[in-house]
Amino acid sequence: PQTVYLKDYTPPEYLIDSVELNFDLDEQNTLVESRLCMRRNPQSTDPGMSLILAGEDLELVNISLDGKPLAEADFAITPEAMTLHRVPQDRPFVVNIENRINPKANTALEGLYLSGSMLCTQCEAQGFRKITWFLDRPDVMTRFKTTLTADKSQYPVLLSNGNKIGQGELEHNRHWVGWEDPFAKPCYLFALVAGQLACVADNFTTMSGRQIALEIFVEQHNVDKCTHAMQSLKNAMRWDEETYGLEYDLDLYMIVAVDHFNMGAMENKGLNVFNTKFVLARPDTATDSDYEHIEGVIGHEYFHNWSGNRITCRDWFQLSLKEGFTVFRDQQFTGDRTSAAVKRIEDVNALRTRQFAEDAGPLAHPIRPEAYIEINNFYTLTVYEKGAEVVRMLHTLLGAAGFRKGCDLYFARHDGQAVTCEDFINAMEAANGVELNQFRRWYSQAGTPVLTVSQQFDTQAQQLRLTMQQSCPPTPNQPEKAPLHIPVKLGLLAPDGSPAPIVLDGRQHEEITLNLTQSEQTFVFDKLARQPVVSLLRGFSAPVNLNMPRSLEELAFLLQHDSDTFNRWEAGQQLAVKVIFDLIEDLHQQRPLHLNALVVKAFNGLLAEEGDDLSYQALLLALPDESYLAGQMPVIDVDAIHHAREFVKTTLAHDLLDDFERVYRIHHRDESGKFSADAIGRRRLKNACLSYLNQLESGASYALAKAQFEQARNMTDQIAALSAIVNSHHPDKAECLDRFYQQWQREALVIDKWFALQASSHMPDTFATVQRLMQHPAFDMHTPNRVRALIGAFSQANPLHFHAKNGEGYRFLADQVLALNTLNPQIASRMVTGLAQWRRYDGKRQELMKQQLHRIVATEALSKDVYEIASKSLA
Ligand code: HT7
Ligand code: ZN
């Protein structure tokens with residue numbers, strides 16, 4: 001397969017000013033007519049006369065140029081493109097194409113495909129070329145006019161981008177609807193939907209007083225699960241006006257929820273297509289965290305209307321321009337709507353456990369990658385989540401007002417254009433009168449920097465010297481790293497826990513952001529009567545690994561006193577990490593295990609707290625995830641990590657039984673799922689306690705979980721109880737699982753939870769369960785949500801069993817990857833990543849994982865998607 005390089009970018013040779021599309025829709029035989037109004041791009045540097053249009057899996061019916069049918073000698077078709085040998089160079093011209101496609105055969109879910117009985121499209125990144133021949137690249141922006149014709153009974157609802165401009169009845173029970181999008185857009189933002197859909201309607205008045213119709217389309221039986229999505233959309237629209245001054249531009253905003261979708265959602269202009277997972281919610285079917293994610297994803301797609309649609313990417317290497325920025329915007333939105341402290345911790349936790357692993361492995365790449373074989377493989381945690389961290393650092397460095405000035409300039413300068421990450425930084429610089437040359441390296445350098453910090457206190461001089469060194473491990477094709485511009489937010493705590501003044505270069509601050517720009521830098525803080533405790537990298541001000549030796553006492557102190565909510569949580573995490581790693585060492589040395597009393601005391605303190613933010617309190621009680629711990633180990637020992645962590649959890653449950661029970665009882669209410677922050681916090685804290693108590697495997701703990709399972713009137717409580725039951729030797733496990741299935745068998749999203757819960761269980765029979773579930777009538781390889789729920793959860797959320805010593809987990813995953821390879825390459829390649837980290841394990845596991853990767857690579861007819869991930873993993 002061919003590699004595409006950023007350095008080879010050239011502007012398009014031709015432009016498409018407008019396109020008229022006519023679809024005669026049918027499940028297996030859709031006819032597409034396309035009228036392309038084109039001209040040579042005045043900026044093109046290539047004097048060639050031919051026009052190359054991308055197209056895949058298309059059957060040509062007719063083609064003409066300026067109304068004249070083309071002879072066979074005038075054009076050539078390959079599996080990937082059509083070349084018109086001679087097109088006018090000095091004047092606009094029109095290409096008319098008619099082609100056929102088969103949506104039902106399209107199991108890859110790119111282009112036009114069937115989801116249930118509904119037809120829908122997914123064109124990002126390069127799906128439009130599976131609909132018709134086109135200049136399928138984001139820097140070709142075109143005005144679209146679309147007419148959809150279909151059987152009226154099968155497809156009563158016909159939707160596309162923009163405004164509805166006409167509709168009518170035809171003979172033989174057929175009808176048509178016309179759509180026009182007044183905004184020029186790249187074809188990846190094109191969408192159509194046809195089906196039997198119910199519409200939930202509302203409206204929104206913008207800041208300038210315009211009325212926008214809001215419509216959410218779902219299958220009839222889901223109409224009662226759209227209230228939260230609609231409210232989220234209105235919240236997002238208002239938030240973007242208030243925070244960024246950005247108003248919606250069309251008169252209509254539509255969202256369609258589909259069961260079959262490769263990712264979360266898609267920001268098509270005026271017609272978002274969503275995975276049902278990020279739309280449908282009712283308190284009895286969706287958890288609190290589902291509710292939060294729905295609001296976040298609805299916000300994300302809505303915010304793309306400016307950061308992505310009005311201003312789009314010049315080429316796919318610039319993906320983080322729209323994705324990193326939009327993730328940052330959705331993080332801010334959720335933080336403002338819920339608890340900023342909790343949101344920041346959740347985001348950092350996900351970044352450190354998952355993106356840091358990507359950045360440390362064979363698939364590491366900069367947020368602006370330089371090469372790809374298959375662009376779909378670059379919708380990564382690095383491009384999205386690290387990309388958002390890079391934007392966040394700009395926000396930190398420029399301040400909220402400076403960042404907003406930069407955004408205003410970016411939106412004003414580039415409205416209607418397809419631009420680059422460089423244009424974004426240029427706008428930040430110009431609006432703030434600053435120079436960000438060194439900062440630019442974050443866009444081109446892969447890998448997670450390590451920040452090593454040492455401190456020296458001089459009692460006589462009343463001075464604290466903080467020395468910071470930065471380094472970054474080599475990543476594929478980048479052996480040497482240059483120093484980055486790292487914003488390091490810092491606070492100082494006096495021995496009584498109160499803030500100590502920060503005096504640097506004669507100026508006093510309460511909190512400061514230090515600019516670390518060199519490989520090594522020393523900062524000297526004056527006027528300190530006593531040695532302060534340093535609170536460093538507050539709010540996780542940069543995506544780095546912090547290496548700062550701390551005693552358990554110092555961590556316990558910060559856990560008690562740090563006023564920075566992130567660093568307070570982080571102190572608790574590092575305390576647990578230290579203790580767990582000591583226990584792992586004891587396990588390796590076959591010494592008996594004892595839990596340090598300091599941890600019990602710290603948890604005792606946490607359980608006694610009566611703070612306002614109960615969700616935050618629940619986070620303080622959560623031990624670091626096994627995958628986070630794995631990321632800290634030179635050679636990952638999944639068994640030792642699991643046993644040491646379980647030991648800590650069980651010992652805490654034993655020693656603090658009364659406290660966990662007390663807090664559980666205080667917050668346990670019989671409720672049908674209210675969504676106030678307080679109710680969510682109570683559920684979160686109570687269920688954190690349940691999870692500890694469940695460790696005890698006692699009659700009382702079994703009774704508690706069972707009672708909650710039976711009495712729960714909201715999904716958060718029901719699934720938390722079932723999770724406790726599944727992750728224990730509960731005598732009624734089979735009965736509860738069966739009852740849950742019977743209760744929810746008609747709710748696909750709930751059944752996904754049922755699969756995922758069993759696949760991620762740490763109980764000994766899990767692999768056999770997973771194999772059995774693969775044969776379950778409700779399991780379906782054609783449904784990405786189901787594949788993620790079973791195969792994804794097992795291989796990515798169950799390190800203990802996926803990494804079984806005998807290699808059965810690896811073999812199983814490779815089998816499934818190969819089965820998915822022909823059905824849905826995007827989903828298949830996502831699953832391969834479970835094997836990519838093979839270098840992190842012991843020699844035996846390395847061999848077993850490599851064997852499966854070799855087996856995948858050696859398979860005939862491997863998709864580009866899977867080939868790229870598997871071969872790069874081995875490199
Ligand atoms: N911009 C959207 C990306 C997306 C996508 C990419 C590849 C294949 C399928 C896809 N579905 C959606 C989603 C987003 O970031 O908003
Ligand atoms: Zn996005």
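Throughout what follows, the structure given in this document is the object of discussion. (Residues numbered from 1 in each chain as written. Chains lettered and ligands numbered in written order. Predicted model: local features only at pLDDT ≥ 70, side-chain atom pairs only at ≥ 80, totals over all residues. Heavy atoms only, no water.)

1. Details of the pattern of salt bridges
Selection criterion: Here a salt bridge means any side-chain nitrogen of Lys or Arg lying within 4 Å of a carboxyl oxygen belonging to Asp or Glu. A helix here means a DSSP run of H or I that spans at least four residues, while a strand means a run of E at least two residues long, and both kinds are numbered starting from the N terminus. Each residue gets one of three labels from its accessible area relative to the maximum for its type: buried under 20%, exposed over 50%, partly exposed in between, using a 1.4 Å probe on protein chains only.
Throughout the structure, instances matching the rule amount to 57 salt bridges. Between D240 and R329 there is a salt bridge, and its shortest N-O distance comes to 2.9 Å. In this pair, D240 is assigned in helix 1 (residues 227-244) and R329 in helix 3 (residues 319-337), connecting sequence segments 89 residues apart. Assessed through its relative accessible area of 1%, D240 is described here as buried. As a salt-bridge pair, E511 and R538 come within 3.0 Å of each other at their nearest N and O atoms. Highlighted residues: E511 in the loop between strand 30 (507-509) and strand 31 (512-516) and R538 in the loop between strand 33 (533-536) and strand 34 (545-547), separated in sequence by 27 residues. The exposure class of E511 is partly exposed, given its relative accessible area of 38%.

2. Some points on helix 5 (residues 381-414)
Worth spelling out the cut-off: A helix is expected to reach a length of 1.5 Å times the quantity of its residues less one. In this scheme, the bend at a residue equals the angle between the axes fitted to the seven residues that finish there and the seven that begin there.
In a regular helix each residue adds 1.5 Å, so 34 residues correspond to 50 Å; helix 5 covers only 26 Å between its end C-alpha atoms and thus falls short of that length. If you look at helix 5, its biggest bend is around 115°, right at G399. Of the residues trailing helix 5, G416 is marked for its positive phi of about 85°.

3. As for the coordination of the zinc ion (ligand 2)
Which entries qualify depends on this criterion: With water omitted from the atoms examined, metal sites may look incomplete; donors here are N, O and S atoms no farther than 2.8 Å from the metal, or 3.2 Å in the case of Na, K and Ca.
Bound to the zinc ion (ligand 2) are the protein donor atoms H300 (NE2), H304 (NE2) and E323 (OE), situated 1.9 to 2.1 Å from the metal. In terms of primary sequence, the donors binding the zinc ion (ligand 2) are separated according to H-x3-H-x18-E. Of the two residues, H304 is situated in the loop between helix 2 (288-303) and strand 22 (312-313) and E323 in helix 3; the sequence distance between them amounts to 19 residues. Across the pair, exposure class does not vary: H304 and E323 are buried alike.

4. What about helix 16 (residues 699-711)?
It helps to recall that an α-helix has 3.6 residues per turn; residues three or four apart then point in one direction. Put simply, the rule reads: Contact definition: two residues touch when any of their heavy atoms are within 4.5 Å.
With 13 residues, helix 16 extends 18 Å from end C-alpha to end C-alpha; this agrees with the ideal 18 Å at 1.5 Å per step. When helix 16 is considered as a whole, its buried residues turn out to be S701, Y702, L704, A705, K706, Q708 and F709. For helix 16, the secondary structure elements touched by its buried residues are helix 14 (657-667), helix 15 (677-693), helix 17 (715-726) and helix 18 (733-744).

5. Some remarks on the site of ligand 1
Using the following cut-off: For each residue, the test is whether any non-hydrogen atom lies within 4 Å of the molecule or strand; if one does, the residue is near. Within 3.5 Å is the distance limit for a polar contact, defined as a pair of N or O atoms, with the added protein rule that one can donate a hydrogen and the other accept it, and that residues adjacent in sequence qualify only through two side-chain atoms. The accessible surface values rely on the Shrake-Rupley method and a 1.4 Å probe; as for residues, cover is taken only from the protein chains in view.
Around ligand 1 sit 16 residues, and of these E124, E267, E301, E323 and Y384 come closest. Contacts to ligand 1 include Y384, whose side-chain N or O atom sits 2.5 Å from an oxygen atom. With the chains in place, 97% of the 380 Å² that ligand 1 exposes on its own is no longer accessible. Counting only elements with at least two residues in the shell around ligand 1, the list comes to strand 20 (265-266), helix 2 and helix 3.

6. Brief notes about the environment of A724
Within the secondary structure layout, A724 lies in helix 17. A residue is classified by how much of its surface remains accessible, and A724, at 6% relative accessible area, is buried. On a C-alpha basis, the gap between A724 and S761 in space is 9.6 Å, while along the polypeptide they are 37 residues apart. Beyond its immediate sequence surroundings of up to four residues, A724 is in contact with L690, N694 and A705.

7. Considerations on the side chain of T287
By the secondary structure assignment, T287 is in the loop between strand 21 (271-275) and helix 2. According to the relative accessible area criterion, T287 is buried, its value standing at 10%. With residues up to four places along the chain from it excluded, the contact list for T287 reads M715, T716, I719 and K753.

8. Details of the packing of aromatic side chains
For clarity, the threshold we go by: Only centres within 6.5 Å qualify two rings of Phe, Tyr or Trp (six-membered ring in Trp) as a pair; their planes then separate them into stacked at under 30 degrees, edge-to-face at over 60, and tilted for everything else. Placement of a charge over a ring requires the Lys NZ or Arg CZ to be within 6 Å of the ring centre, with the centre-to-atom vector within 35 degrees of the ring normal.
Applying the stated criterion to the full structure yields 42 aromatic pairs. Taking the centre distance of 5.9 Å and the plane angle of 15° together, the rings of F23 and F190 count as stacked. Of this pair, F23 sits in strand 2 (residues 14-24) while F190 sits in the loop between strand 15 (174-185) and strand 16 (192-195), and the two are 167 residues apart along the sequence. Judged by centre distance (5.9 Å) and plane angle (75°), the ring pair of W306 and F411 falls under edge-to-face. Of this pair, W306 sits in the loop between helix 2 and strand 22 while F411 sits in helix 5, placing them 105 residues apart in sequence. Judged on exposure class, the residue W306 and its partner F411 are both buried. Looking at R40, its charged tip hangs above the ring of Y14, at a distance of 4.9 Å from the centre.

9. Overview of the pairing of strand 32 (residues 520-526)
What counts here: Strand pairing follows a simple DSSP-based rule, namely that at least 2 bridges must link the two strands.
What you see with strand 32 is a clean split: Q521, F523 and F525 sit on the buried side and E520, T522, V524 and D526 on the side with no burial. Across 6 bridges, strand 26 (residues 463-471) lies against strand 32 in antiparallel orientation. Note that in strand 32 the partner of Q469 across the bridge is E520. Summarising the sheet, strand 29 (residues 502-504) and strand 32 pair through 2 bridges and their orientation is antiparallel. Following the sheet pairing, V503 is matched in strand 32 by D526.

10. Focus on the packing of helix 24 (residues 825-836) against helix 26 (residues 864-874)
Here is the rule: Axis definition: a line fitted to C-alpha atoms, limited for helices to the stretch in contact. Angles are taken between N-to-C directions and run from 0 to 180 degrees. If an angle is under 35 degrees, it is roughly parallel; if it is over 145, roughly antiparallel; if it lies from 65 to 115, roughly perpendicular; otherwise it is oblique. By the convention adopted, Pro, Cys, Tyr, Trp, Phe, Met, Ile, Leu, Val and Ala count as nonpolar, Lys, Arg, Asp and Glu as charged, and the other residues, Gly among them, as polar.
Two elements in contact, helix 24 and helix 26, have axes whose closest approach is 8 Å; the angle formed by their N-to-C orientations is 10°. Classified by the angle between their axes, helix 24 and helix 26 sit roughly parallel to one another. Residues P825, Q826, A828, S829, V832, T833 and A836 of helix 24 pack against D865, V866, I869, A870 and S873 of helix 26. Of the residues assigned to the contact of helix 24 with helix 26, the class counts are 7 nonpolar, 4 polar and 1 charged.

11. Examining the sheet that holds strand 18 (residues 211-218)
Overall, mixed pairing links the 5 strands, which are arranged 17-18-19-21-20 in an open sheet. The sheet is open, and its two borders are formed by strand 17 (198-205) and strand 20, each paired with just one other strand. Sheet analysis places strand 17 next to strand 18, joined by 8 bridges and oriented antiparallel. Bridge pairing links T205 to Q211 in strand 18. This element, helix 1, spans strand 17, strand 18 and strand 19 (252-258) of the sheet and lies at about 25° to strand 17.

12. Topic: the sheet that holds strand 10 (residues 111-115)
On the basis of which strands lie adjacent, the open sheet formed by 4 strands has the order 10-11-16-13 and antiparallel pairing. Of all the strands in the sheet, just strand 10 and strand 13 (157-160) have a single pairing partner and so form its edges. Across the sheet, the axes of successive neighbouring strands diverge by a mean angle of 20°, strand direction being ignored. Two strands pair when backbone bridges link them, and strand 10 and strand 11 (residues 118-122) are joined in this way by 5 bridges, in the antiparallel orientation. Among the inter-strand pairings, G111 is bridged to a residue of strand 11, identified as Q122.

13. Some points on the packing of helix 19 (residues 748-759) against helix 21 (residues 784-797)
To be explicit about the condition: By convention, the crossing between two helices is left-handed when the near helix turns anticlockwise from the far helix through less than a right angle, and right-handed when the turn is clockwise.
Closest axis-to-axis distance for the helix 19/helix 21 pair is 8 Å, and the angle between their directions is 10°. Overall, the two elements helix 19 and helix 21 adopt an arrangement that is roughly parallel. Seen from above, helix 19 lies across helix 21 with right-handed handedness. Where helix 19 approaches helix 21, its residues A748, L749, I751, D752, F755, A756 and A759 are matched on the opposing element by N785, R786, A789, L790, A793 and F794. Its residues assigned to classes, the contact of helix 19 with helix 21 comprises 10 nonpolar, 1 polar and 2 charged.

14. Comments concerning empty space enclosed by the protein
The condition is simple: The distinction between a cavity and a pocket rests on a 1 Å grid over the protein atoms alone: a 1.4 Å probe fits inside a cavity but cannot get out, while a pocket stays open yet meets protein on both sides within 12 Å along at least five of seven lines, and a residue with an atom within 4 Å of a point counts as lining. Grid points are joined across faces, edges and corners, and a volume is the space filled by probe spheres set on the points.
For the coordinates displayed, the defined rule picks out 5 cavities of 30 Å³ or more. Taken as a whole, the largest cavity encloses approximately 60 Å³ of empty space. Those elements giving two or more residues to the lining of the largest cavity turn out to be helix 3, helix 5 and helix 6 (421-432). Its residues placed into classes, the lining of the largest cavity shows 7 nonpolar, 3 polar and no charged. Reported here for the second largest cavity is a volume of approximately 40 Å³. Taken together, L559, G572, Q573, A576, F603, L606, L620, A622, L623 and P624 make up the lining of the second largest cavity.

Geometry only, nothing functional implied.
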